[in-house]
Amino acid sequence: MSDGSITRQTHLFVRAADDASRALSRWLGRPTRISVRRLEALPLERAVGVLGEGEGPLVACAMRISGAIDGILVLACDDPSGLALADMLLGRAAGTSTEWGELETSAAVETANIIGCAYLNAMTLSEGPQGTTPGDAEVLPTPPWFVRDFAAAVMEGVMLSQASDGATIFLTHTDFVIEDSPVTCSLLFVPGAGIRTDA
Amino acid sequence: MTHPPAPSRRNADVAPTPPATRPTAFHTNAIGIGEIGVARHEGVLRTFVGSCIGLAIFDQRQRVAGLAHIMLPDSKGDLSQPGRYADTAIPEMMRLLRDAVGGLNLRLAAKMVGGAKMFAFQSGVTVGDQNVAAVERILQGLGIPVLARDCGGERGRRVSFDITNGEMRVETLGLPPAIL
């Protein structure tokens, strides 16, 4: 993984975070800030450890992306962070959500949808995949799929969905601040064949 | 033992392992993605699986067992990390088991879990399905009976194999643990 590749992905995530901040602010009607604190390019085996060694439950919303760009985008967090985010998104007092019901799940999925679409827009508008003109690439995301499971099992499922045994993932540590209340989540992009990871 | 980190020998005799595998001297030993652990006499081998397979092969008389975390069905000739693939992990684990007992004859049996479909956008014959089929086919070809299995579904599993009694404990979030 070259420095150039990481730099390019960092620009994409930062731009996507800006777009997603605006979209979430509009949706919530409250000031919302999503910021990328750090980005890493890792073999997936190591990324599993980054998300907690698999012991505790992990909440993830995954979108499969196909078309001109191929990969899986995952928004992941632990239970406390995810439920805190749900409270913010649903306009509830902190600590109201204690388990993943339909509303909490829906809030997480909607967040993933907004962030995912912002990321895809940033990716296609910034450069597009190889051989395409920026802005012309047709990209087809699936609806986000909500999973709450062991972190290791989730990450393994992401990698094997790509039928790849050597996947490099881009992992961002992302801060959400909604009306001055912070929540930390991770946003991951597992690139498929249409994305250069070696340039 | 030629590869770092050198394990302590607290509870189990340890089979020599190549760099792609993890030495298993600890009482409870975590097996990572694409790794193989082998231990003798006592101890617990643990791993997490989603679409991958957690395969235990063991001889209860000899109190020797291995646990592999198999990612994909076919190595396509890649021998660099034998624990990753069904067609290389199983022969490698058998070699490690034989080494662990000093070449004694083994009467091997297997237990397996995993092969889940973790995401709805996985369609058709999933990698998990292919993993299950490949492991079963290879074990059948080697004459190793599968005594218990918990495969498929849509949930990840935490797997613990106890060498002292040959029990495989399978935990799924939100459900009581099962003993295979």
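Just above, that's the structure.
Predicted model only: the values in this text are computed from it and were never measured.

Below, the discussion takes up the overall build of chain B. Within chain B one finds two helices and 11 strands. Overall, chain B shows an N-to-C arrangement of helices and strands of β-β-β-β-β-β-α-β-α-β-β-β-β. Across chain B, every contact between residues at least 6 apart in sequence was considered, and the portion connecting residues at least 24 apart equals 60%. Summed over all atoms, the accessible surface of chain B reaches about 7,500 Å², with 51% contributed by carbon and sulfur.

So, on to the pairing of strand β4 (residues 44-49) of chain B. Residues and elements named next belong to chain B. For β4, the buried fraction is high: five of the six residues fall into the buried class. The pairing of β4 with strand β9 (residues 157-162) spans six bridges and is antiparallel. Pairing of Leu45 across the sheet is with Phe161, part of β9.

Our focus in this paragraph is the interface of chain B and chain A. Tallying the contact residues gives 27 residues for chain B and 28 residues for chain A. Counting the surface lost from both chain B and chain A, the interface buries some 2,300 Å², and carbon and sulfur atoms represent 66% of this. On the chain B side of the contact with chain A, B:Phe119, B:Phe121 and B:Leu173 bury the most area, a combined 31% of that side's loss. In this structure, the connection of chain B to chain A is made through one salt bridge. In this assembly, chain B and chain A are joined by seven residue pairs in polar contact (both at pLDDT 80 or more). Elements supplying a minimum of two residues to the side of chain B that touches chain A: β4, α2 (127-142) and β9 of chain B.

This brings us to the environment of B:Ile36. Residue and element names in this part refer to chain B. Within the fold, Ile36 resides in strand β3 (residues 36-40). Residue Ile36 is classed as buried on the basis of its relative accessible area, which comes to 0%. Distance from Ile36 to Ile70, taken between C-alpha atoms, is 8.6 Å for residues 34 residues apart in sequence.

Residue and element names in this part refer to chain B. Scanning the entire structure with this criterion turns up three aromatic pairs over all chains. Plain terms: the ring middles of Phe58 and Phe161 are 5.0 Å apart, the flat faces sit at 45 degrees to each other, and that makes the pair tilted. Here Phe58, found in strand β5 (residues 53-59), pairs with Phe161, found in strand β9; they are 103 residues apart in sequence, far enough to count as distant. Residue Phe58 is classed as buried on the basis of its relative accessible area of 6%. The class for Phe161 is buried, based on a relative accessible area of 0%.

What follows concerns helix α1 (residues 86-100) of chain B. Residue and element names in this part refer to chain B. Relative to the 21 Å expected for 15 residues at 1.5 Å per residue, α1 spans 21 Å between its end C-alpha atoms, a close match to the ideal helical length. Among the residues of α1, those classed as buried are Ala86, Thr88, Ala89, Ile90, Glu92, Met93, Met94, Leu96, Leu97 and Ala100. Residues of α1 that are buried in the fold lie against β3, β5, β6 (64-70) and α2. Looking at the residues trailing α1, positive phi occurs at Gly102, about 65 degrees.

Another aspect to go through is the packing of α1(B) against α2(B). Residue and element names in this part refer to chain B. Here α1 crosses α2 at 45 degrees, and the two axes come no closer than 9 Å. Relative to α2, the element α1 is oriented oblique. Seen from above, α1 lies across α2 with right-handed handedness. Note on element contacts: α2 touches α1 through Ala134, Val135, Ile138, Leu139 and Leu142, opposite Ala86, Asp87, Ile90 and Met94. Its residues placed into classes, the contact of α1 with α2 shows eight nonpolar, no polar and one charged.

Quick look at the side chain of B:Thr172 now. With respect to the secondary-structure elements, B:Thr172 resides in the loop between β10 (167-171) and β11 (178-179). Given a relative accessible area of 14%, B:Thr172 falls into the buried group. Leaving out residues up to four positions away in the same chain, B:Thr172 has contacts with A:Phe150, B:Arg155, B:Gly156 and B:Arg157.

Moving on to the pattern of salt bridges. Evaluation of the coordinates by the stated rule reveals 12 salt bridges over all chains. Between A:Glu104 and A:Arg92 there is a salt bridge; the shortest N-O distance is 2.7 Å. Of the two residues, A:Glu104 sits in helix α4 (residues 102-126) while A:Arg92 sits in the loop between α3 (79-90) and α4, which places them 12 residues apart along the sequence. Relative accessible area serves as the criterion here: at 9%, A:Glu104 is assigned to the buried category. Since its relative accessible area comes to 27%, A:Arg92 is described here as partly exposed. A salt bridge links B:Glu171 to B:Arg169; the nearest nitrogen and oxygen atoms lie 3.6 Å apart. Given a relative accessible area of 36%, B:Arg169 falls into the partly exposed group. Taken together, the salt bridges that share partners define one network made up of B:Glu92, B:Arg95 and B:Asp99.

What follows is about empty space enclosed by the protein. Any empty space left between atoms is shown by rolling a water-sized probe over those atoms. Residue and element names in this part refer to chain A. Taken as a whole and judged by the stated rule, the model has three cavities of 30 Å³ or more. Within this model, the second largest cavity holds a volume of roughly 70 Å³. Along the walls of the second largest cavity sit Val59, Cys61, Leu75, Cys77, Gly82, Leu85, Ala86, Leu89, Trp100, Glu104, Ala107 and Ala108, which together make up its complete lining. If you list the elements that add at least two residues to the lining of the second largest cavity, you get β2 (57-67), β3 (71-78), α3 and α4.

Conventions we followed
- Residues numbered from 1 in each chain as written.
- Chains lettered and ligands numbered in written order.
- Predicted model: local features only at pLDDT ≥ 70, side-chain atom pairs only at ≥ 80, totals over all residues.
- Heavy atoms only, no water.
- Helix = DSSP H or I, 4+ residues; strand = E, 2+ residues; numbered from the N terminus.
- Contact = heavy atoms within 4.5 Å.
- Areas by Shrake-Rupley, 256 points an atom, 1.4 Å probe, with all protein chains shown as cover.
- Buried < 20%, exposed > 50% of the residue type's maximum accessible area, 1.4 Å probe, protein only.
- Pairing = 2+ DSSP bridges.
- Buried area = accessible area lost by both parts, 1.4 Å probe.
- Salt bridge = Lys/Arg side-chain N within 4 Å of Asp/Glu carboxyl O.
- Polar contact = N/O pair within 3.5 Å; in protein donor to acceptor, adjacent residues only side chain to side chain.
- Phe/Tyr/Trp six-rings, centres within 6.5 Å; stacked < 30°, edge-to-face > 60°.
- Expected span 1.5 Å × (residues − 1).
- Axes fitted to C-alpha atoms, helices over the stretch in contact; angles between N-to-C directions.
- Parallel < 35°, antiparallel > 145°, perpendicular 65-115°, else oblique.
- Left-handed = near helix turned anticlockwise from the far one by under 90°.
- Nonpolar A, V, L, I, M, F, W, Y, C, P; charged D, E, K, R; others polar.
- 1 Å grid on protein atoms, 1.4 Å probe; cavity = no way out; pocket = protein on both sides within 12 Å on 5 of 7 lines; lining within 4 Å.
- Points joined across faces, edges and corners; volume = space filled by probe spheres on them.

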